[in-house]
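Descriptive structure summary
Take a look at the letters that make up each chain.
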Amino acid sequence: MIVAPELASAKPYLVRAMYEWCGDQGLTPFVTVFVDEQTVVPKEFVKDGAITLNIGSDATGGLLIGNETLEFKARFGGVPRQITVPITHVMAIYGRENGQGMAFPISDSASTPTVPAKPPESETLAAKKEVAKPVLTRVK
């Protein structure tokens, strides 16, 4: 039996391609990332378990979109910070000006949680208003 080798994720290649596309189109590339203990971002800007970051050349220094991590330096409220995001945590990359881009699942890695620790308030309210489920009866 011939076993095919496991292929590497295409996500880092697609993120790099969308970053280049944004630059070619004159758009500001933004990424939205899932935040957990592996993600090094300013926690005070995290909302609903995610953060959106400007990764344009005017906003970052030393940007590296590697196969495992997205890394750069940026200022938040005038304070310089080192940002490190696992590529598996990138949920989307898009142009700020028109919203065009690409979204990704965050469950590329088995160790990556698939939901934020705290559900958004809108989901909590929807769960409270849930309608009674129908019941099936067996008829002979």
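An account of the accompanying structure is given in this report. Computed from a prediction, not measured in an experiment: that's the story for all the values here.

Rules used in this analysis
Residues numbered from 1 in each chain as written. Predicted model: local features only at pLDDT ≥ 70, side-chain atom pairs only at ≥ 80, totals over all residues. Heavy atoms only, no water. Helix = DSSP H or I, 4+ residues; strand = E, 2+ residues; numbered from the N terminus. Buried < 20%, exposed > 50% of the residue type's maximum accessible area, 1.4 Å probe, protein only. Contact = heavy atoms within 4.5 Å. Areas by Shrake-Rupley, 256 points an atom, 1.4 Å probe, with all protein chains shown as cover. Core = buried A, V, L, I, M, F, W, Y, C linked by side-chain atoms within 4.5 Å. Pairing = 2+ DSSP bridges. Axes fitted to C-alpha atoms, helices over the stretch in contact; angles between N-to-C directions.

1. Brief notes about the overall build of the protein chain
- Helix and strand content of the protein chain: two helices and seven strands.
- The order of helices and strands in the protein chain, counted from the N terminus, is α-β-β-β-β-β-β-β-α.
- Here the protein chain holds 140 residues, and 31% of them are scored as buried.
- Restricting to contacts in the protein chain with at least 6 residues of sequence separation, those with at least 24 account for 51%.
- Accessible area of the protein chain: about 9,700 Å², with a carbon and sulfur share of 57%.

2. So, the nonpolar core
- In this structure, L53 and V85 are the most contacted members of the largest nonpolar core, which totals 20 residues.
- Looking at this core, the elements with two or more residues in it are α1 (11–25), β1 (29–34), β2 (50–54), β4 (69–76), β5 (79–86) and β6 (90–95).
- Looking at this core element by element, the count peaks at four residues for β4.
- Once residues within four sequence positions are removed from consideration, V85 is found in contact with V33, T39, V41, L53, E68, T69, L70 and V90.

3. Looking at the sheet that holds β2
- Taken together, the four strands give an open sheet; going across it, the order is β2-β1-β6-β7, and neighbouring strands pair in antiparallel fashion. Where the open sheet ends on each side, the last strands, each with one partner, are β2 and β7 (101–103). In this sheet, adjacent strand axes meet at a mean angle of 15° when their direction is disregarded.
- Taken together, the three bridges between β6 and β7 define a ladder with antiparallel strand orientation. Bridged to I93 within β7 is M102.
- Here α1 sits on the sheet in contact with β1, β6 and β7, set at roughly 20° to β6.

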